[in-house]
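# Summary of the model geometry
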Amino acid sequence: MLEHYTFSRRLFLSFNYVFLACLGILCILPIIHVLALSFSSSAAAQAGYVKLWPVEFTLSSYDFVTHKAAFWRSIVVTLKRVAVGVPFNMLLTVLVAYPLSKEVKKFPMRTLYAWVFVVTILFGGGLIPLYMTVKYTGIMDSLWAMILPGAVPVFNVILLLNFFRGLPKELEEAAFMDGAGHWTTLWRIFLPLSLPALATITLFATVGHWNSWFDGIIYMNSPDHYPLQSYLQTVVINRDLTLMSSSDMKSLAEVNDRTAKAAQIFLGALPILLVYPFLQRFFMKGIVLGSVKE
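Residues numbered from 1 in each chain as written. Predicted model: local features only at pLDDT ≥ 70, side-chain atom pairs only at ≥ 80, totals over all residues. Heavy atoms only, no water.

## What to know about the overall build of the chain
Along the backbone of the chain there are 14 helices and zero strands. The order of α-helices and β-strands along the chain, N terminus first, is α-α-α-α-α-α-α-α-α-α-α-α-α-α. A total of 294 residues make up the chain; the buried ones form 38% of that total. Pairs at least 24 residues apart make up 69% of the contacts formed inside the chain by residues separated by at least 6 positions. With an accessible surface of roughly 17,100 Å², the chain has 70% of that area assigned to carbon and sulfur atoms. (Helix = DSSP H or I, 4+ residues; strand = E, 2+ residues; numbered from the N terminus. Buried < 20%, exposed > 50% of the residue type's maximum accessible area, 1.4 Å probe, protein only. Contact = heavy atoms within 4.5 Å. Areas by Shrake-Rupley, 256 points an atom, 1.4 Å probe, with all protein chains shown as cover.)

In structure tokens, the structure reads:
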């Protein structure tokens, strides 16, 4: 392939390949190190012997994190959150992005509404007003407390509306001439053509719900309702002793802080690592085509 290019072009491409390969290695080495650390003994990790391969292989860290019923209960909560939150995010993102993708002459208030959403990226009301809003709407200690406050991800809306704006206008005009309305045009023309962008924002929404831990700690009154990341943050990082039994205390004595955190990081990232390869082919195309246009 490279023989068809000039020498300077081949040199440039070769440099790019080497640079990107080195960059990829630099990105994957920390993951390998964390994985090796999670499978190593407490003494080996404490002494700094662990590099890219487990030393004194053990599953103690994973036993400490996963042997409790609360761990599996938190996984169920997180799966419910993803199962409800992601479709909810996607539905609202589509319903907001479609009208905002229209020209001003078709939707005179478009600019005003667009700025209303953009301002929410730049400024926030603060944690206390948000907490009071959740409390007085009666959704505290429920799944909706972790879904409704972020129901409309504005960044995803911007990606999708710009993707919609990039679609040929002739398709919409032809649909209207055939008697289709906005709903039919959206569901039968726009969405089937927007699979790359939809896959991208679906990935963003999934990662956001899976990795979120702070809202679970704030809005959940009982640890039984914690999602996975909130549970792991409380038990492994903060080590809230009120959530631990006597058997947990015994396991804690056998687990190094570094190995426990490594196990937490890997368990938290594993589902996304498994899902990402299936969406990767859509990812770059969705980002490029849905980027902000002038």
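## Some thoughts on the nonpolar core
Within the largest apolar cluster, 47 residues are counted, with the highest numbers of intra-cluster contacts made by Val 65, Phe 71, Leu 160, Phe 164, Leu 186, Leu 198 and Tyr 219. Those elements that provide at least two residues to this core are helix H3 (60-66), helix H4 (69-100), helix H7 (154-165), helix H9 (182-193), helix H10 (195-211), helix H11 (214-219), helix H12 (228-237) and helix H14 (257-289). Other than its neighbours up to four places away in sequence, Leu 160 contacts Thr 93, Val 94, Ala 97, Ala 197, Leu 198 and Ile 201. One finds Ala 36, Leu 37, Ala 44 and Ala 262 within the second-largest nonpolar core, a separate group that totals six residues. (Core = buried A, V, L, I, M, F, W, Y, C linked by side-chain atoms within 4.5 Å.)

## Brief notes about the environment of Glu 173
Locating Glu 173 in the fold gives a position in helix H8 (residues 169-177). We classify Glu 173 as partly exposed; its relative accessible area is 43%. With twelve residues separating them in the primary sequence, Glu 173 and Thr 185 have C-alpha atoms 9.5 Å apart.

## Points about the pattern of salt bridges
In this structure the tally under the stated criterion is five salt bridges. Note that Lys 169 and Glu 103 form a salt bridge whose closest N and O atoms lie 4.0 Å from each other. With Lys 169 in helix H8 and Glu 103 in the loop between H4 and helix H5 (110-122), this residue pair connects regions lying 66 residues apart in the sequence. Residue class for Lys 169 comes out partly exposed when judged on its relative accessible area of 41%. Looking at Glu 103, the relative accessible area reads 33%, which means it is partly exposed. Via salt bridges that share partners, Glu 103, Lys 105 and Lys 169 belong to a single interconnected network. (Salt bridge = Lys/Arg side-chain N within 4 Å of Asp/Glu carboxyl O.)

## Section: the side chain of Ser 194
Its location among the elements puts Ser 194 in the loop between H9 and H10. Ignoring sequence-local partners within four residues, the contact set of Ser 194 consists of Phe 163, Phe 164 and Leu 167.

## Some remarks on the confidence of the model for the chain
Predicted confidence across the chain gives a mean pLDDT of 83, with 86% of residues reaching 70 or more. Segment residues 290-294: pLDDT under 50, and ten contacts once partners within four positions in sequence are set aside and those in other chains are kept. (pLDDT = per-residue confidence, 0-100.)

## A closer look at the packing of H4 against H9
The N-to-C vectors of H4 and H9 enclose an angle of 110°; their axes lie 12 Å apart at closest approach. It follows from the interaxial angle that H4 and H9 lie roughly perpendicular. For the pair H4 and H9, the sense of crossing is right-handed. Contacts between H4 and H9 involve Leu 91, Val 94, Leu 95 and Tyr 98 from the former and His 182, Trp 183, Thr 185, Leu 186, Trp 187, Phe 190 and Leu 191 from the latter. (Axes fitted to C-alpha atoms, helices over the stretch in contact; angles between N-to-C directions. Parallel < 35°, antiparallel > 145°, perpendicular 65-115°, else oblique. Left-handed = near helix turned anticlockwise from the far one by under 90°.)

## Regarding the packing of H4 against H10
At a closest axis distance of 9 Å, the pairing of H4 and H10 adopts a crossing angle of 140°. Between H4 and H10, the crossing angle belongs to the class labelled oblique. In the packing of H4 onto H10, the handedness of the crossing is right-handed. Listed contacts from H10 to Thr 78, Leu 79, Arg 81, Val 82, Gly 85, Val 86, Asn 89, Met 90, Thr 93 and Val 94 of H4 are Leu 198, Ile 201, Thr 202, Ala 205, Thr 206, His 209 and Trp 210. In the contact of H4 with H10, the residues fall into nine nonpolar, seven polar and one charged. (Nonpolar A, V, L, I, M, F, W, Y, C, P; charged D, E, K, R; others polar.)

## Here's the deal with helix H1 (residues 7-38)
When the terminal C-alpha atoms of H1 are compared, their 47 Å separation across 32 residues agrees well with the 46 Å that a helix rising 1.5 Å per residue should span. The complete set of buried residues in H1 reads Leu 13, Ala 36, Leu 37 and Ser 38. (Expected span 1.5 Å × (residues − 1).)

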